[in-house]
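Coordinates in review
Here is what each chain is made of, one letter per residue.
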Amino acid sequence: MNLAAPSVAIVGCGLIGQKRAKALGPARLAVCCDAVEDRAASLARPHGARVTTNWQNAVSDPAVDIVLVATTHDLLPVIGAAAAANGKHVLIEKPGARRAAELDPLAAAAAQTGARVRVGFNHRFHRALQKAHELVADGSLGPLMFVRGRYGHGGRIGYDKEWRSIPEKSGGGELVDQGCHLIDLARWYLGADFTRIQGSIATYFWDMPVEDNGFLLLETAAGQTAFLHATWTEWKNLFSFEIYGRVGKLEISGLGGSYGTERVTFYKMSPEMGPPETFAWEYPMGDNSWDLEFQAFLEDIRLGRDPNPGVADAQAALRVIESVYKENPR
Ligand SMILES: NC(=O)c1ccc[n+]([C@@H]2O[C@H](COP(=O)([O-])OP(=O)(O)OC[C@H]3O[C@@H](n4cnc5c(N)ncnc54)[C@H](O)[C@@H]3O)[C@@H](O)[C@H]2O)c1
C-alpha cells in the first residue's frame, strides 16, 4: 500500500458517499460502487474511478487499500466484514450496523487480517465539539456531573417512505439515526459506559413503523447522567449539547449549515457563585469534520493504531438503543 496516496473504494454513493469523496486528502478515489449505477458513475467521473454496482467486486479489488461504506444500515457491517476479510482498511458510517452483534464478524475479520476499522462518528471532529473536549480534558469544568443533548430535524416530504423508515434496512428510527451520535458524544465526554439505561420512543407525526422521537436517561457506574433527545419532528433543525461540571458549564450549539453556526460557550463559576464569567468561541467557517476524521484514519493506518471511535464504540451505542427497543416493544 502506498501510504502517501492510498487507493479508496466508496461503497454507497449517496449523500454521505459524495461527502466522503470530497474529504479524501492525499488518498485517491479508485472505485465507486452503488446499486444505482448512475450515482456511482457521476461520483467516479471527475476522479477517473472505476464504476461497479457489485459491492463484492469493489471490496475484493486488489488495487484498493481502503473501503468507505456508506450504505443503508443493514449492509454496513456485511460489506465492512467482507472488506476487512480481504485485508482492506474500513471506514463504516455510523451507526455501524442495526444491532451490536452484527458487528462481531467485522471485528473478527479485522483481528485476523490486521485491517483498521473506524466508525464514522464524525461529530467528534466538529470544531466546537473538539474545543469542548479540550476544556473538559484540561479540567476547566471540574468533575463532570451530567450532560444534556438534543438533536433533530423535521424530515422532508416523503420522509416516511425513505429507507430510514424501513426497519429491515435501518434497524430503527431516529434513535438509531441521530440518537447514536448523541450517545457516542455522551460516552466520549463522560469517558464511561452507561450501566443504567432508561428510555422511551414514540411516533408522533410521521406515518412510519419506526420511532420519530427517542428520549434517553442514561447513567454511568459513577452516577453521571446523560439526558438525551433525538427527534424527527424538530421543525427548526437543532443541535444542542450541554456539559455540566462542578465548577462550570459548556453549551455547544449548531453544527453549521441548517443547524446554525457552531458555538461553544463556557460559563465559569466564580468561588462566590452568582453570575458566571463567560467565554465564547464561534466557528462560522465550513464543517471540516469529514476531512479531519479521514486524516485521523490515515494516521491510524500509518501508525498501526486502533481507531477511536472503532467497532467497540459503535457496539456500545447500539447496546443502549437495543435496550430501549427491548423495553418498548412495538
Ligand atoms: N455522520 C453523519 O452525520 C451522517 C449523516 C447522514 C448519514 N450518515 C450515515 O451514512 C450512511 C448513508 O446514509 P446516506 O444519507 O448517504 O444515505 P443515501 O440513501 O443518500 O445513500 C445510501 C446509498 O447506498 C446505496 N446502496 C444501497 N444498497 C446498496 C448496495 N447493495 N450496494 C451498493 N450501494 C447500495 C444507495 O443506492 C444509496 O445511493 C448511513 O449509515 C447513515 O446513517 C451519517
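Just so it is clear, the model here is predicted, and its values are computed rather than measured.

Some words on the overall build of the chain
Helix and strand counts for the chain stand at eleven helices and 14 strands. A compact globule built from 330 residues should have a C-alpha radius of gyration of about 20 Å, and the chain, at 20 Å, falls within 12% of that. Restricting the contact set of the chain to residue pairs at least 6 apart, pairs at least 24 apart contribute 65%.

Observations concerning the pairing of strand β2 (residues 28–33)
For β2, the buried fraction is high: five of the six residues fall into the buried class. Sheet topology note: the strand β1 (residues 7–11)/β2 ladder contains five bridges and is parallel. Across the sheet, residue Ile10 finds its bridge partner in β2, namely Cys32. With three bridges joining them, β2 and strand β3 (residues 50–52) adopt parallel strand pairing. Its bridge partner lying in β3, Cys32 is registered against Val51.

Details of the sheet that holds strand β7 (residues 144–152)
The eight strands lie next to each other as β8-β9-β10-β7-β11-β12-β13-β14, forming an open sheet whose pairing is mixed. The open sheet has two edge strands with one neighbour each: β8 (194–202) and β14 (277–283). Ignoring strand direction, the axes of neighbouring strands in this sheet form an average angle of 10 degrees. Contacts from helix α6 (residues 127–137) reach β7, β11 (238–245), β12 (248–253), β13 (262–268) and β14 within the one sheet, and its direction differs from that of β13 by about 25 degrees. Packing against the sheet, helix α9 (residues 179–190) makes contact with β7, β9 (213–220), β10 (225–231) and β11, and its axis sits at approximately 160 degrees to β7.

Regarding the site of the ligand
Around the ligand, 24 residues are found, and the nearest of them are Gly12, Gly14, Leu15, Ile16 and Glu93. Of all the elements, helix α1 (residues 15–21) adds the most residues to the shell around the ligand, at three residues. Its residues assigned to classes, the shell around the ligand shows eleven nonpolar, eight polar and five charged.

Here we look at the sheet that holds β1
Read across the open sheet, the six strands follow the order β3-β2-β1-β4-β5-β6; overall the sheet is parallel. Of all strands in the sheet, those with a lone pairing partner are β3 and β6 (117–120), marking the two edges. Averaged over all neighbouring strand pairs, the angle between strand axes comes to 20 degrees, with direction disregarded. Bridging between strand β4 (residues 66–69) and strand β5 (residues 89–93) involves four bridges; their strand directions are parallel. Directly across from Ile66, in β5, lies its bridge partner His89.

Let's talk about the domain arrangement of the chain
Annotation of the chain at the domain level lists domain 1 (7–122) and domain 2 (127–286). For domain 1 versus domain 2, the separation of C-alpha centres amounts to 27 Å. Listed per partner, the contact involves eight residues of domain 1 and nine residues of domain 2. In the side of domain 1 that touches domain 2, the residues fall into two nonpolar, two polar and four charged.

Considering the pairing of β12
Along any regular strand the residues' side chains alternate between the sheet's two faces. Residue alternation in β12 divides its side chains into a buried set, Gly248, Leu250 and Ile252, and an unburied set, Lys249, Glu251 and Ser253. Taken together, the six bridges between β11 and β12 define a ladder with antiparallel strand orientation. Paired with Ser240 across the bridge in β12 is Ser253. Summarising the sheet, β12 and β13 pair through six bridges and their orientation is antiparallel. Bridge pairing in β13 places Gly248 opposite Lys268.

As for the environment of Asp160
For Asp160, the position within the fold is in the loop between β7 and α7 (167–170). Here the alpha-carbon distance between Asp160 and Phe205, two residues 45 residues apart in the chain, equals 9.6 Å. For Asp160, the residues in contact, after removing those within four places along its chain, are Ser165, Trp206, Asp207 and Met208.

What to know about the packing of helix α4 (residues 76–85) against helix α5 (residues 104–113)
Packing of α4 against α5 leaves a shortest axis separation of 8 Å and a crossing angle of 10 degrees. If you check the angle between α4 and α5, you find them roughly parallel. Contacts from Pro77, Gly80, Ala81, Ala84 and Ala85 of α4 reach α5 at Pro105, Leu106, Ala109, Ala110 and Thr113. Classifying every residue of the contact of α4 with α5 by side-chain character gives eight nonpolar, two polar and no charged.

What counts and what doesn't
Residues numbered from 1 in each chain as written. Predicted model: local features only at pLDDT ≥ 70, side-chain atom pairs only at ≥ 80, totals over all residues. Helix = DSSP H or I, 4+ residues; strand = E, 2+ residues; numbered from the N terminus. Rg over C-alpha atoms; globule rule 2.2 N^0.38 Å. Contact = placed C-beta atoms within 7 Å. Buried ≥ 20, exposed ≤ 12 C-beta atoms within 10 Å, placed from the backbone. Pairing = 2+ DSSP bridges. Axes fitted to C-alpha atoms, helices over the stretch in contact; angles between N-to-C directions. Near = placed C-beta within 6 Å. Nonpolar A, V, L, I, M, F, W, Y, C, P; charged D, E, K, R; others polar. Domains from an automatic or database assignment. Parallel < 35°, antiparallel > 145°, perpendicular 65-115°, else oblique.

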